[in-house]
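Take a look at the letters that make up each chain.
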Amino acid sequence: MAQLDIINVPDPLLKTKSTPVDKVDADVRRLLDDMLETMYAAPGIGLAAIQVAVAKRMIVMDTAAEGEDKRPQFFINPEVVWESDEVNTYSEGCLSVPEHYADVERPASVRVKYLDYDGNMQEDLMEGLNATCIQHEIDHLNGVVFIDYLSRLKRNMIIKKVQKATKDSVVL
Ligand code: NI
C-alpha cells in the first residue's frame, strides 16, 4: 500500500464530476487500499478518489470512534436511492479544506446503493455520522465541496486561508 497526495481547494479537479467505475478489478482494489491508508494517515473519516486526483466514483470511509476497532467501508459507484425528510446538522471538515469547519445540514438518513470491495451490489440504510459522511463524499464525486454550501464571502475567505497555509508550508 502507498500513501497518496491529497489535493486542496481551489484545485479545479475538485470541481470535476467523477465517472463510474466499469469493473471492480485488482487496480481498483489497489487504489481503494491506498486511499484507505491515505485517509487513516491524514487522519480523516472519509476520502473520495478525486481528492487524490483520480476522477472515478470511489469512496473510502471509517466512522468508528477513537478507541473502537477499525471499520473500513468501501463504496464504488454509490447512489442515494432514498433520503429522509428529517435533517441533521454536523460541523463538517474536509481533508481538501484543512483546518476549516462549518455547519452543514443534510438528510439525517439515506439509503445508498453501491458496489463493495468485491464488486457485489449492496444497499445500506445509513444514519447519523455515517449518513452525513457518505453524502459529503458523494458530493465530492459530483464536484461539490462542503464550503460550496456557505456564502460566497465565507467560502472565498476559507479558500484564501487554505491557499496561504499551503504556500507557507514545506511538504517534505
Ligand atoms: Ni471532503
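Before going into details, it helps to say that this report is about the structure given with it. As the structure is a prediction and not an experimental result, all values here were calculated from the model.

Procedures and definitions
Residues numbered from 1 in each chain as written. Predicted model: local features only at pLDDT ≥ 70, side-chain atom pairs only at ≥ 80, totals over all residues. Heavy atoms only, no water. Helix = DSSP H or I, 4+ residues; strand = E, 2+ residues; numbered from the N terminus. Polar contact = N/O pair within 3.5 Å; in protein donor to acceptor, adjacent residues only side chain to side chain. Pairing = 2+ DSSP bridges. Buried < 20%, exposed > 50% of the residue type's maximum accessible area, 1.4 Å probe, protein only. 1 Å grid on protein atoms, 1.4 Å probe; cavity = no way out; pocket = protein on both sides within 12 Å on 5 of 7 lines; lining within 4 Å. Points joined across faces, edges and corners; volume = space filled by probe spheres on them. Axes fitted to C-alpha atoms, helices over the stretch in contact; angles between N-to-C directions. Contact = heavy atoms within 4.5 Å.

### Some remarks on the side chain of serine 96
Next up, step 1: On the secondary structure map, serine 96 appears in the loop between strand 4 (87–92) and strand 5 (102–107).
Next up, step 2: Within the local environment of serine 96, its side chain forms a polar contact with the backbone oxygen of isoleucine 7, the two atoms lying 2.7 Å apart.

### Thoughts on the pairing of strand 3 (residues 73–83)
Next up, step 1: Pairing analysis gives four bridges linking strand 2 (residues 58–61) to strand 3, with the strands arranged antiparallel. By the bridge assignment for strand 3, isoleucine 59 is matched with phenylalanine 75.
Next up, step 2: As judged from the five bridges shared by strand 3 and strand 6 (residues 109–115), these two strands associate in the antiparallel manner. Note on strand 6: the bridge partner recorded for glutamate 79 is lysine 113.

### A word on the pairing of strand 2
Next up, step 1: Of the two faces of strand 2, the one holding Met58 and Val60 and the one holding Ile59 and Met61 are both buried throughout.
Next up, step 2: Sheet topology places strand 1 (residues 46–48) next to strand 2; three bridges connect them, and they run antiparallel. When the sheet's bridge partners are listed, leucine 47 is paired in strand 2 with valine 60.

### Concerning the layout of surface pockets
Next up, step 1: Computed from the structure, the largest pocket encloses a volume of approximately 1,000 Å³.
Next up, step 2: Lining of the largest pocket is provided by 35 residues; of these, Ala42, Cys94, Leu95, Val97 and Pro98 occupy positions nearest its centre.
Next up, step 3: Going through the elements one at a time, helix 1 (26–41), strand 4, helix 2 (128–141) and helix 3 (152–168) are the ones with two or more residues in the lining of the largest pocket.
Next up, step 4: Of the residues forming the lining of the largest pocket, the biggest block, five residues, is contributed by helix 2.

### Here we look at the sheet that holds strand 3
Next up, step 1: The antiparallel open sheet is built from five strands, whose spatial order is 1-2-3-6-7. The outermost strands of the open sheet, each flanked by one partner alone, are strand 1 and strand 7 (121–127). Within this sheet the neighbouring strands show an average axis-to-axis angle of 40°, counted without direction.
Next up, step 2: Against the sheet, helix 1 contacts strand 1, strand 2 and strand 3, and its axis sits at roughly 40° relative to strand 2.
Next up, step 3: Where helix 2 meets the sheet, its contacts fall on strand 1, strand 2, strand 3, strand 6 and strand 7, and the angle it forms with strand 2 comes to roughly 150°.

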